[in-house]
Structure formats: C-alpha cells, structure tokens
Amino acid sequence: ELPTMSSKKFIVNQDELTIGTPDELSDEQMEVFQKCIHALKPWKKGPLNLFGTHIDSEWRSDMKWARLQRGIPDLEDMVVCDLGCGNGYFMYRMLEYSPKLVVGIDPNLHAWLEFSLFQRVSGVTNLKFEYLRGDIMSSLPGMFDVVFCLGVLYHTPDPIGMLKDIHKSMKGKSTLIVDCQGIDGDDDIALFPKKRYTNMRGVYFLPTMSCLQNWLRRANFTNIEVILSEE
C-alpha cells in the first residue's frame, strides 16, 4: 500500500508537475505505485513526473497555463476556485502564488482518483477537491476571490446560467478567468454543433469573442479584459 507522505521533491513552478523521487518508495511500494498510475490511464492533464516516472498526458496543460500566466491576478492568501479542475494540475500550479485555499470542483470520478493520488503523496493541505457539478457554485455565495473556468463553458447547455452561478459564488472585489473555445468573427453569435465538434463530445455553444463578452455582461460581470485570443 502507498504511504501517506510529504514528498521530499515537490516542484510546481515548472511545466512538469513533479512529486517525489524514486528513493522515497520501497521496491514493494514502487510496484504498487506503478500499478496505480497504469490503472489511472488515460491521464488527461499534465505533464507529470511522479516518483521519477514521466507521464505524458493527453493534454499539454502546461501550454495553456503559460498563456494564462500573463493575466493571473495576485493569488497570495486568496480563496480560489478551479471549476472543472480535472485531476488538479492547474490547482498545483497555482501553489506557486501562495493561495490560502484552492477548491477544485468536478463531477469526474476518474479525475478525483488521480487528484487523490497526488494528495496522498504530496502532503499539500490547502487544496481541496469537491466531487460536485458546477451548479453548486450558486450555493457558495461570496466564497471566492478568484475563479478559474478553463475549458468548461462550451461544455454546458446553459453558459449564461453557469456564469450567473459563478458570479454568485464570488466576493465583491474578485476576478474570473475564462478559457473558452470559440469561433472567429465579429458577429454576436455562437456555433451550436449538431453532435460532435472536431470529434469532441459534449460541446454545445462555441461563441465569437464578442458573444462571449455579451454572455459575461448578461451574468453581471464588468471590466472585461481579453488576455489572449487565438485565431
């Protein structure tokens, strides 16, 4: 069985999230650990290095984080939410900025299992994973200083409703960071795919930039700034 521990090596400020070194585990523990990481495939968010084992994830989350860093507000001593957190890769990357607490919200059991493995061996105490749907945000009034909504909005059939729920969860002076796939164009429109979009399931509305900004305004957000727009 894997021990509950605080790993000697813990790196959160580089592209590859690194937890642990091989010599921290006995041969028997390493065998159990290798079975764990194999059973948890596919790994969505990464890249990762766990006790010397490099894990190539399906998504290069480090590249998205690098793009977002130019617009990240001060997180020191802040209560932060990562809505749709997946396995918690971004939550761990946020630790570089010394938040008071980061709460990840995601209804994905596979993601929770991966996060639980990180937590078992990292010794981190200010990251929490809530196995809940995004609509729980409306039940957390005034809780968060900063909310990250990354790669989530286009997966909901009611994006404005989700944004309104997020707004309810935020403090008076707070920041929302949204990453959303969309379409090119200046019109206030959104693409609604018949079924899949670029072979991706569960995609509903893909807005133009102006449409996304309108959604945010309808949900009572102000002072909207575009960090990066990729065409």
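In case you missed it, the structure is sitting above this.
Residues numbered from 1 in each chain as written. Predicted model: local features only at pLDDT ≥ 70, side-chain atom pairs only at ≥ 80, totals over all residues. Heavy atoms only, no water.

Draft legend 1. Structural view of unusual backbone geometry. Note that the residue after Lys 41, namely Pro 42, is joined by a cis bond; omega there is 0°. You can see Pro 42 is positioned in the loop between α1 (27-39) and β3 (45-46). In this chain, Gly 46 is followed by Pro 47 through a cis amide linkage whose omega measures 15°. Position of Pro 47 relative to the elements: it lies in the loop between β3 and β4 (48-50). Even without glycine at this site, Asn 223 takes up a positive phi of about 50°. Residue placement: Asn 223 occurs in the segment after α6 (209-218). Judged by relative accessible area, which is 76%, Asn 223 ranks as exposed. (Helix = DSSP H or I, 4+ residues; strand = E, 2+ residues; numbered from the N terminus. Buried < 20%, exposed > 50% of the residue type's maximum accessible area, 1.4 Å probe, protein only.)

Draft legend 2. Structural view of the packing of aromatic side chains. Applying the stated criterion across every chain, the model contains eleven aromatic pairs. Between Phe 10 and Tyr 92, the aromatic rings sit 5.9 Å apart at their centres with planes inclined by 75°, giving edge-to-face as the arrangement. Of this pair, Phe 10 sits in strand β1 (residues 10-11) while Tyr 92 sits in helix α3 (residues 89-94); the two residues are 82 residues apart in sequence, bridging distant segments of the chain. Taking the relative accessible area as the measure of exposure, Phe 10 reaches 32% and is therefore partly exposed. Under the relative-accessibility criterion, Tyr 92 is labelled buried at 0%. (Phe/Tyr/Trp six-rings, centres within 6.5 Å; stacked < 30°, edge-to-face > 60°.)

Draft legend 3. Representation of the side chain of Asp 145 within the structure. Within the fold, Asp 145 resides in strand β10 (residues 144-150). Asp 145 sits in the buried class, given a relative accessible area of 12%. Here the side chain of Asp 145 touches Lys 171 through a polar contact of 3.3 Å, side chain to side chain. With residues near it in sequence (within four places) discarded, Asp 145 still touches Met 78, Val 79, Lys 171, Ser 174 and Thr 175. (Polar contact = N/O pair within 3.5 Å; in protein donor to acceptor, adjacent residues only side chain to side chain. Contact = heavy atoms within 4.5 Å.)

Draft legend 4. Spatial organisation of the state of the cysteines. Applying the stated criterion across every chain yields a total of zero disulfides. With no disulfide of its own, Cys 81 lies 8.1 Å from the sulfur of Cys 85, the closest cysteine sulfur. (Disulfide = S-S within 2.5 Å.)

Draft legend 5. How the structure looks around the environment of Lys 194. Topologically, Lys 194 is positioned in the loop between β12 (190-191) and β13 (206-207). With relative accessibility at 81%, the residue Lys 194 sits in the exposed group. Each C-alpha atom of the pair Lys 194 and Tyr 204 lies 8.7 Å from the other, and the pair is ten residues apart in sequence.

Draft legend 6. Here's a closer look at helix α2 (residues 61-68). What α2 keeps buried is the set Ser 61, Asp 62, Lys 64, Trp 65 and Leu 68. Seen end-on, α2 carries its buried residues on one side only, within an arc spanning 160°. Among the structural elements, β3, β6 (59-60), α3, β10 and β11 (170-179) are those in contact with the buried residues of α2. (Arc of directions from axis to C-beta.)

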